[in-house]
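What follows is the residue order along each chain.
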Amino acid sequence: MANSLGNVNIQPYFLKTPDRYMIDQERLHHNEAVYAYGEYSFFFLFWGIDDFRAGIVDRCPYCYDSDGGIESSIADVYGQGAEALCPYCYGTTYWDTTATALPGLKARIVRPCMWQTTDETHKKVAQGNMTEVSSQVQSISDFRMRSGDFVFRADKTRWRVQPRKTDIVISGFQAADDINAMIGYSYPEVRLEDPTSVAYQIPPDTDTGQQILNISTVPNYPIDFSAYEIINGPLIGGAFANTPTIGPSFEEPPSS
Ligand SMILES: [Zn+2]
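Procedures and definitions
- Residues numbered from 1 in each chain as written.
- Predicted model: local features only at pLDDT ≥ 70, side-chain atom pairs only at ≥ 80, totals over all residues.
- Helix = DSSP H or I, 4+ residues; strand = E, 2+ residues; numbered from the N terminus.
- Buried ≥ 20, exposed ≤ 12 C-beta atoms within 10 Å, placed from the backbone.
- Contact = placed C-beta atoms within 7 Å.
- Core = buried A, V, L, I, M, F, W, Y, C linked by C-beta atoms within 7 Å.
- Domains from an automatic or database assignment.
- Pairing = 2+ DSSP bridges.
- pLDDT = per-residue confidence, 0-100.

## Notes on the overall build of the chain
Summing up its helical and strand segments, the chain has 4 helices and 12 strands in all. Out of the 256 residues belonging to the chain, those deemed buried represent 24%. Sequence separation of 24 or more characterises 69% of the internal contacts of the chain that already satisfy a separation of 6 or more.

## Examining the nonpolar core
In this structure, Phe 44 and Val 151 are the most contacted members of the largest nonpolar core, which totals 32 residues. Of all the secondary-structure elements, those providing two or more residues to this core are strand S1 (39-46), strand S3 (94-95), strand S4 (105-117), strand S8 (150-153), strand S9 (158-161) and strand S11 (182-192). Here this core takes 5 residues from S1, the largest share from any one element. Of the residues that make up this core, three or more belong to each of domain 1 (16-45 + 111-213) and domain 2 (48-103). Once residues lying within four places of it in the same chain are set aside, the contact partners of Val 151 are Ser 41, Phe 42, Phe 43, Val 137, Trp 159, Val 161 and Val 190.

## Considering the environment of Arg 164
Along the chain, Arg 164 falls in the loop between S9 and strand S10 (165-168). Classification of Arg 164 by C-beta neighbours within 10 Å gives partly exposed; the count is 16. For the pair Arg 164 and Val 137, spaced 27 residues apart in sequence, the C-alpha to C-alpha distance is 9.7 Å. Aside from chain neighbours lying at most four places away, what touches Arg 164 is Met 145, Arg 146, Ser 147, Tyr 185 and Tyr 187.

## Observations regarding the pairing of S8
Here S8 shows no split at all, with Phe 150 and Phe 152 on one side and Val 151 and Arg 153 on the other all buried. For S1 and S8, the ladder comprises 4 bridges, and the chain directions are antiparallel. What sits directly across from Phe 43, in S8, is Val 151. Pairing between S8 and S9: 3 bridges, direction antiparallel. In the strand pairing of S9, Val 151 is matched with Trp 159. Counting the residues between successive antiparallel strands, the hairpin from S8 to S9 contains 4 residues, one of them, Lys 156, with a positive phi of roughly 80 degrees.

## Some details on the confidence of the model for the chain
Taken as a whole, the chain shows an average pLDDT of 83; of its residues, 80% reach a score of 70 or greater. The secondary-structure element of the chain with the lowest mean pLDDT is helix H3 (residues 70-78), recorded at 61, while S8 shows the highest, at 97. In this model, residues 239-253 is a region of pLDDT below 50 whose contacts with residues beyond four sequence positions or in other chains number 8 contacts.

## Focus: unusual backbone geometry
In terms of backbone geometry, most residues other than glycine have negative phi values and most peptide bonds are trans. Residue Pro 204 is bonded to the preceding Pro 203 through a cis peptide linkage, with omega at 5 degrees. Residue position: Pro 204 is located in the loop between S11 and helix H4 (206-213). Of note in the backbone geometry, Tyr 90 takes a positive phi value of approximately 60 degrees without being a glycine. Mapping Tyr 90 onto the fold places it in the loop between H3 and S3. The residue Thr 93 is not glycine, and still its phi comes out positive at about 75 degrees. Following the sequence through the fold, Thr 93 ends up in the loop between H3 and S3.

Structural data, given as structure tokens:
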């Protein structure tokens, strides 16, 4: 006879409890490796359509007007900003009206990271000769970048994030998400941006940024970069990072 447990009698009736300590330990090892062999970089996290839908951000007042002018007509027709190189929202069209600094960014943070760059490849394309450089980047686990975000390296180069790889450890029976199972993120392919890219419009300027990032390791402990950081939104955002809502309790029968 079917019941709410289904055909459970033909299966081993045991659900293993996840080992929470395992996640914390793995995250720690992972972060330690990055601090041991990495370097500091700036990470620029952008607002996205999900933040806009959630009502956290508005449209950019500089390139995505809704005043009925020509720029707003362009925005309506194409569903994008009138300026791809908008120096305020950096082309995303999103704008945090409550932010006190850099409203066009979700966050600007400095984190340690490890780079593994490939050699340049030269390509002949319609625009002429192009040089392509890509790299892998790995950083610590307290933030998550999305494709389209930028990284600013101490050698003055700026890079665009492509896909992200989330490393998780499943240690028991659970609905796994970034909070309870993630041990780190890596970015298997970030691409070097051309100097004309909007990536280079995001402050700090390249020389200042290099001075901030290119530090001596003495006195051999992590440096506080909070003076250079701006955090306007959650560093791990998106559906998977949300705390799951608790389902209806079995003690309380549903009211009918
Ligand atoms: Zn804009």
